[in-house]
Amino acid sequence: MRRIHVGNALSAFGLGFTVPYLYVYVAQVRGLGAMTAGMVLTVFAVAALIVLPFAGRAIVRRGPLPVLLAALVTAALGALSLGLAGSATAVLLSAAALGAGQAVMQPALATMIVDCSTTDTRSRAFAMQFFLQNLGLGVGGLIGGHLVDSTRVDSFTLLFSIEAAVFLALVAVMATVRVPRAPRMEDAPARSGKGGWKQLLGNRAMVQLSVLGFVLFFACYGQFESGLSAYGVEAAGISTSALGSALAANTLMIVVAQFAVLRFVERRRRSRVIAGVGLIWAVAWLAAAYAGLGHGSQEMATAAFVSTYALFGLGEAMLSPTVAPLVADLAPTGMAGQYNSAFALVKQLALAVGPAVGGPLGASLPMPYVVTFLLFSLGITFLALRLGRQLTAVQDRPWLGRSRVVARGGAATEPAVAEA
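Thresholds applied
- Residues numbered from 1 in each chain as written.
- Predicted model: local features only at pLDDT ≥ 70, side-chain atom pairs only at ≥ 80, totals over all residues.
- Heavy atoms only, no water.
- Helix = DSSP H or I, 4+ residues; strand = E, 2+ residues; numbered from the N terminus.
- Rg over C-alpha atoms; globule rule 2.2 N^0.38 Å.
- Buried < 20%, exposed > 50% of the residue type's maximum accessible area, 1.4 Å probe, protein only.
- Contact = heavy atoms within 4.5 Å.
- Expected span 1.5 Å × (residues − 1).
- Patch = residues over 30% accessible without salt bridge, like charges linked within 9 Å, V, L, I, M, F, W, Y side chains within 5 Å.
- Areas by Shrake-Rupley, 256 points an atom, 1.4 Å probe, with all protein chains shown as cover.
- Salt bridge = Lys/Arg side-chain N within 4 Å of Asp/Glu carboxyl O.
- Phe/Tyr/Trp six-rings, centres within 6.5 Å; stacked < 30°, edge-to-face > 60°.
- Core = buried A, V, L, I, M, F, W, Y, C linked by side-chain atoms within 4.5 Å.
- pLDDT = per-residue confidence, 0-100.
- Bend = angle between axes of the 7 residues up to and from the residue.
- Axes fitted to C-alpha atoms, helices over the stretch in contact; angles between N-to-C directions.
- Parallel < 35°, antiparallel > 145°, perpendicular 65-115°, else oblique.
- Left-handed = near helix turned anticlockwise from the far one by under 90°.
- Nonpolar A, V, L, I, M, F, W, Y, C, P; charged D, E, K, R; others polar.

A. Structural view of the overall build of the protein. Counting its secondary structure elements, the protein contains 17 helices and 2 strands. Taken over C-alpha atoms, the radius of gyration comes to 21 Å for the protein, in line with the 22 Å a tight globule of 420 residues would show. The principal-axis extents of the C-alpha atoms in the protein amount to approximately 65 × 50 × 35 Å. Here the protein holds 420 residues, and the buried ones make up 53% of them. In the protein, of all internal contacts separated by at least 6 residues, the share reaching a separation of at least 24 is 84%.

B. A look at helix α12 (residues 270-293). In this model, α12 (24 residues) spans 34 Å end to end at C-alpha, consistent with the 34 Å of a helix rising 1.5 Å per residue. A large share of α12 lies buried, amounting to 18 of its 24 residues.

C. How the structure looks around a nonpolar patch on the surface. Where nonpolar side chains cluster on the molecular surface, the patch consists of Leu-135, Val-139, Leu-142, Ile-143, Leu-147 and Leu-158 and spans about 470 Å² of accessible area. Top element by residues in the nonpolar patch is helix α6 (residues 122-147). It accounts for 5 residues.

D. Inspection of the packing of aromatic side chains at higher detail. Under the counting rule described, the total for this entry stands at 15 aromatic pairs. Aromatic pair Phe-214 and Phe-218: ring centres 5.9 Å apart, planes at 10°, arrangement stacked. Of this pair, Phe-214 and Phe-218 both sit in helix α9 (residues 204-219), 4 residues apart, which is roughly one turn of that helix. Here the aromatic residues Phe-214, Phe-218, Tyr-231, Trp-281, Trp-285, Phe-312, Tyr-369, Phe-373 and Phe-376 are joined through ring pairs into a cluster of three or more.

E. Main features of the nonpolar core. Counting residues in each nonpolar core, the largest one holds 114 residues, and the members touching the most others are Met-174, Leu-209, Leu-212, Leu-228, Trp-281 and Phe-305. With sequence-adjacent residues up to four places away left out, Phe-305 is seen in contact with Leu-228, Tyr-231, Gly-232, Ile-238, Leu-243, Ala-246 and Ala-291. In this structure, Ala-48, Ala-103, Ala-344 and Leu-345 belong to the second largest nonpolar core, which totals 5 residues.

F. Examining the confidence of the model for the protein more closely. In this model, the protein carries a mean pLDDT of 83, and residues with pLDDT of at least 70 account for 90%. Mean pLDDT values over the elements of the protein span from 38, in strand β2 (residues 411-412), up to 93, in helix α16 (residues 366-388). Contacts from residues 404-420, a stretch scored under 50 in pLDDT, to residues over four places away or in other chains number 30 contacts.

G. Geometry of the environment of Val-394. On the secondary structure map, Val-394 appears in helix α17 (residues 393-396). Taking the relative accessible area as the measure of exposure, Val-394 reaches 10% and is therefore buried. Val-394 sits 275 residues away from Thr-119 along the chain, and the two C-alpha atoms are 9.3 Å apart.

H. Representation of helix α3 (residues 33-62). Between its first and last C-alpha atoms α3 spans 41 Å; for 30 residues at 1.5 Å apiece the expected length is 44 Å, and the two agree. The largest bend in α3 amounts to roughly 35° and is located at Leu-52, with the proline Pro-53 lying one to four residues further along. Once α3 finishes, Gly-63 follows within two positions and takes phi at roughly 100°, a positive value.

I. Fine view of the pattern of salt bridges. One pass over the full model with this rule turns up 5 salt bridges. Here Asp-329 ties to Arg-270 by a salt bridge, and the two come within 2.8 Å at their closest N and O atoms. One end of the pair, Asp-329, is in helix α14 (residues 323-330); the other, Arg-270, is in helix α12, with 59 residues separating them in the sequence. By relative accessible area, which is 2% here, Asp-329 ends up buried.

J. Inspection of the side chain of Thr-308 at higher detail. Its location among the elements puts Thr-308 in helix α13 (residues 298-319). Look at Thr-308 and you get buried, because its relative accessible area is 0%. Apart from the residues lying within four places of it in its own chain, the contact partners of Thr-308 are Leu-228, Ala-284, Ala-287 and Ala-288.

K. Broad picture of the packing of α3 against helix α5 (residues 88-115). Remark: α3 packs on α5, axes separated minimally by 7 Å, with the N-to-C direction vectors making an angle of 40°. As far as their axial angle goes, α5 and α3 are oblique. Like other packed secondary-structure pairs, α3 and α5 cross with a definite hand, here right-handed. Class assignment of the residues belonging to the contact of α3 with α5 gives a composition of 21 nonpolar, 4 polar and no charged.

L. How the structure looks around the packing of helix α15 (residues 336-364) against α16. α16 packs onto α15 with a crossing angle of 130° between their chain directions and a minimal axis gap of 6 Å. Considering the angle they form, α15 stands oblique to α16. In contact with Gly-358, Leu-361, Gly-362 and Ser-364 of α15, α16 contributes Pro-366, Tyr-369 and Thr-372. For the contact of α15 with α16, the per-class residue count stands at 3 nonpolar, 4 polar and no charged.

M. Geometry of the environment of Ile-380. With respect to the helices, strands and loops of the structure, Ile-380 is situated in helix α16. We classify Ile-380 as buried; its relative accessible area is 0%. Expressed as a C-alpha distance, the spacing of Ile-380 and Leu-286, which sit 94 residues apart in the sequence, is 16 Å.

N. Structural detail: the environment of Thr-381. For Thr-381, the location among the structural elements is in helix α16. For Thr-381, a relative accessible area of 12% translates into the label buried. As for Thr-381 and Ile-280, which are separated by 101 residues in sequence, their C-alpha atoms are 9.8 Å apart. Ignoring any residue separated from it by four or fewer positions in sequence, one finds Thr-381 in contact with Ala-275, Gly-278 and Leu-279.

If you want it as C-alpha cells, here you go:
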C-alpha cells in the first residue's frame, strides 16, 4: 500500500509538473498558435475518453499492475516526445500518448487500492490517495513553474524529460509491488467486453452513482479553472493574484482537513455524507454570488471568493473517503477494474463538458451562472439521498461489515464487500 501511495503522489506530481504550462509551451514557445494549443487540451480529453473503456476490461482480465506499467511507459514516451516535438502533428500525437497514459493510471491505481485494502481500511486508503494527489499536483506545479522560461525551448525540454524520468522511476517502484491475487476473468476468454458493460449498466445503484458523479464533477471540478475563474474575474473583479490565492485555499483546505474530516465521515452513511457535500457546495455558490453580485467592498468580495474555493475543498475532502470506496463496494467480485474505469470515464466526460458550458456562462451571464450551479449543488443532495435507497446496509454503512451480524434480523454475512 505504501508503494501504491508513492505511485499516486508521483503520478499527480507528473501531471502538475507540466500540464499548467502546456498552453504557453505550444502556443508561444513552439510558436504553433493558440488554436493548436487549444487542440492539445482537447486531445488530452479525447484520448482519455477513448482508452478508458478498454482499460477497464484490461484491468479485469490482466490485473491492474500490468495495465499500470503499460500506462506509465506510454505516458513517459508521450512526455519525452512532447518535449522534443516541433510540429503541430508531433505535438498532438505526443499529447495523445501522454493523456491516454495518465488517464489509465488512476483506475489502475484505484483498483490496486481495492485489492490491497479491506472494508475497514478502504476509506482511509482512498483519503490518503486524494491527499497525496493534491500534494503531488501542488508541489509539481510549484517546482515546474520555477524551471520553465518562456524564452528558452530547452527549459521546457528539460521539464518534459524530468516528467518522463519520474514515470519511468515509478515503473521501477511499482514493478516491486506484490498485489494480492484478486479474482479475474481469465477463465472466460470468449466473453466480449460488452458483457461487462451490460452487467454494469444493469446495476441500478452504479448507474445512479455515475449520474451523481457526473453532476459532482461537472458542478465543482469542471468549474475551477474555467467558469468560476471567469466569473470571478469578470463579475467580481478578482485579480489574478487573488485567483491564485483562492486555488491555494482549496488545496490548503484539503491538506489540512482531510484526516480530520475522515474521522467524521467514517461512521456516517455514505449517501448522507454526499448529500451534505451538496449543501456545503450550495453555501459555496452563495458566497460566490456575494462576491460577484453583492455590493460590499473589493476586500469583502475577494474574501468571499476565496471562501468559495475553500468550501469546495472541504466538500472534496468529504468525498474522497466516500465515493471511490463506494464504487469498489458496488463492483461484483473481479469487476472492480471495470467499475473504476467506468467512473473515471464519467469524470472525464464531466471535466470535458464542464468548462465548455461554464466558461462562457460565467464570463457573460454571471447571475444565471451562479443560480444554475447552486441548483446543481442542491441536485447533488437530492441524488445522494435517492441513491441511499438503492444501497445495501453495508454499502451505505461500511462499518457494519466489521461485524458478522448486520441489520435487523441478525443475518450472518461476511465482512467483505457486498455485491450489488
